[in-house]
Amino acid sequence: MIYSVSPWAIIIFVTFVALVLLMSFFFARKTKSVAGYYAAGGKIHWGVNGIAFAGDYLSAASFLGICGMIAFSGYDGYLYSIGYLAGWVVALFVVAEPMKRLGKYTFTDALDARFNSRSIKLTAAISTLVVSVFYLIPQMVGAGDLVVPLLGLPHWAGVVIVGSIVIFIVATAGMTSTTYVQFIKGGLLIIFSTILTIYILNNGLKLNPSDEYHQFISLETIIEDGEITGTNNSNYTIERIHETGSGLTFAKLNNNGVERWFKLSDDSKTMHEMLSISTLPNGTKLYNGEPKTEAKFYQVGHLTKIVVNGEEVDQTGPLGPFEYLSTLENSELVRFTRVELRDENTTVWYQNPTLGSAMLKPGLKFKISTRSGATFWTKLNFVSLMLALFLGTSALPHILIRYYTVSSQRAARKSTIVAISAIGFFYILTLYMGLGASVNGVLDLESSNMAAPLLAKYFGVGIFSIISAIAFATILGTVSGLIVASSGAIAHDFLDNYLKMKMDDKAKVRAGKMAAFGVGIFAIVLGILFKGMNVSFLVGLAFAVAASANLPAILFLLFWEKTTAKGISWSIVVGIISSVSIILFSPSMYDRYGLPMTSAPIPIDNPGIISIPLAAITLVIISLLSQKDNSSKVENYHLNQ
Amino acid sequence: MHGSAAKLDTDLSASRKSKLGIKLFIVYIIVYAGFVVISLINPDLMGHKFIGEQNLAIVYGFGLIILAIVMGFIYNAMCTRLENKLNKTEKGQTL
């Protein structure tokens, strides 16, 4: 679709960036030591650190990805919210305090505290880099997606802008400026998501989202001798009937020279208008049969029936948070489902009437009930996703390093609780933002990532500008954290500890800054290369890799005395390789390669349920085989346990 | 240079806190697993009205988020009490 640039959006965005850069200059003068660069000197207040956790964690995938997924698939998108939050329970109850006790600057320090082993230093540093890079790509892609509507710039420009600002933030003042960027952004995101939710509830539910909303037409078919020969509207002539393999029938109609696609009802008596994008042989794209500039590719998503106290109404007026959900549950809405017509070079989205009650329970995206065709593998895929989300959070290196910015274990624990409360509150709001986007006629079918900002636009250009600027800031905050984590893996874990390069304090900080610069450039390149990739897809991947490579190592280190350095290193290696290979041979990836999904050798998309146990078993076996190594391990690695 | 970025004192309550953490963690795993199991075995149950007009999916989903927050506060309160009690004799208490 076409976006118009709002000057307010530019002003708010530029002001925000200017503030962030000024702050980085201010902190840069204070950042001279290694502890200052990687861990903000351990002097961050736990409250600030807690909100910064939220700012670090609530990435583009949470704000843009989850809201979009809820808008398109209802409750199944919300499962991500539940899983992402549940992961913090593992972080708080099991990982937070020992991580704080064992580590210095990086996750590798903590894993290695007990062994002083070169293989752990190397494998944990690699794992940090792999997870962070998987996490970086979708953030950069998201930045490019956002800059198109916000500033009217091409995709690559967004990636370059974010990349350069972040390199500047990290390379000037490291973790200190990163923390405050994340604190401000986390706070703003939660405040303005709350305001957006108030708008949604105040607006209530209505059948016609706005006066500009496109009224979809239906035509009666004329059937002669079992053949469809025309419609009751003589302006439309039938060009072609297209049957898909899955039992759907579409018709290409011609309306005064413009080709439009319709879907035949099951009884073939009516045709319902669809949205379509066709690519002509010369490469031009037609949106609903016309050039993009005609703006005929409408924003969609509407209710067809609203029931209040057993009576149908046109609109409800303001609703309470619980009333909103229960009213929606009794109502009906139209989702748009995408079908690829490969031999026509066309993608169509047909109107898919959906009960409100189906939107508010699991099952629209993940096949889990037998009625929707669930198999053993689709069920296993669902369990695997819920497992990776649960175990992934506390294994993300850029989250773990935040424990080193506070002064004590007690502060680490308190900041985790602030984080859980802030993040939990935000995730409750995602349900309202997603559902609000699904029924107010704002969805851009080309990009599910834009659901929340476009919903804000429905309520006014002011809130749209602020929400878009915050979405951009969201990416800045998360990318900064990822770059600090990656630079720690390269400069601190690899150069300093693994290669034992002789560096004084100043040289170590310089090495960290250069590593940040390098990773930043690399992220810019990847962000441009992966344009068009779904934002939440790669984040899910990063969670699965983190949960497989890092979590068994962390848990066994903490709770199994017989764990050895070799066991940890091998478990990290097996975790990375098994999770990444399962993903590469999964149905979703085969779809991306342009191969049929059914030909994928591995029938599930989410690797966690196989790769996490595999990494854990590896750790146990290798540890038992290398017990004699433990005689030389560093004793008293943690006190009084 | 060596040692934590911030200086830590000996924490005598570490093992008690760790045991408490594991207990709470197990409680949460059971509740979370319950959600996954119901979704798998009887997805229709998720659509049934549970409290007032709200269905089980909404109540359970919101419940998991609120439970995490509430358990977090309980854990913090209990840990703080343990730290104050067990570290009393040590010089320079944590915090």
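What counts, and where the lines are drawn
Residues numbered from 1 in each chain as written. Chains lettered and ligands numbered in written order. Predicted model: local features only at pLDDT ≥ 70, side-chain atom pairs only at ≥ 80, totals over all residues. Heavy atoms only, no water. Helix = DSSP H or I, 4+ residues; strand = E, 2+ residues; numbered from the N terminus. Buried < 20%, exposed > 50% of the residue type's maximum accessible area, 1.4 Å probe, protein only. Contact = heavy atoms within 4.5 Å. Areas by Shrake-Rupley, 256 points an atom, 1.4 Å probe, with all protein chains shown as cover. Patch = residues over 30% accessible without salt bridge, like charges linked within 9 Å, V, L, I, M, F, W, Y side chains within 5 Å. Salt bridge = Lys/Arg side-chain N within 4 Å of Asp/Glu carboxyl O. Pairing = 2+ DSSP bridges.

## A few points about the overall build of chain B
Assigned secondary structure in chain B consists of two helices and two strands. Ordered by position from the N terminus, the helices and strands of chain B form the series α-β-β-α. The proportion of buried residues among the 95 residues of chain B is 42%. Considering only contacts within chain B whose residues lie at least 6 apart along the sequence, 62% involve residues at least 24 apart. Carbon and sulfur atoms form 67% of the exposed surface of chain B, whose accessible area is close to 5100 Å².

## Quick notes on a nonpolar patch on the surface
Among the surface-exposed residues, Phe-517, Ile-521, Val-525 and Leu-529 of chain A lie close enough to one another that they form a single nonpolar patch of about 390 Å² accessible area. Accessibility expressed as a relative area gives 38% for Ile-521 of chain A, which makes it partly exposed.

## Re the environment of Ser-581 of chain A
Inspection of the secondary structure puts Ser-581 of chain A in helix α19 (residues 565-584). Along the backbone, Ser-581 of chain A and Thr-393 of chain A are 188 residues apart, and their C-alpha atoms lie at a distance of 21 Å.

## Some details on unusual backbone geometry
All names here are of chain A. Positive phi outside glycine occurs at Asn-116, with the angle close to 50°. Along the chain, the position of Asn-116 falls in the loop between α6 (107-112) and α7 (118-151). Overall, Asn-116 belongs to the exposed group, its relative accessible area being 53%. One non-glycine residue, Lys-500, lies in positive phi territory at about 50°. Of note, Lys-500 is situated in the loop between α15 (461-498) and α16 (505-529). Taking the relative accessible area as the measure of exposure, Lys-500 reaches 52% and is therefore exposed.

## Re the pairing of strand β6 (residues 270-273) of chain A
Residues and elements named next belong to chain A. Inspection of the sheet shows strand β1 (residues 218-224) paired to β6 by three bridges, in the antiparallel sense. Its bridge partner lying in β6, Glu-220 is registered against Thr-270. If you look at the hairpin formed by strand β5 (residues 258-264) and β6, you'll find five residues sitting between the two strands, and Ser-268 has a positive phi there, around 65°.

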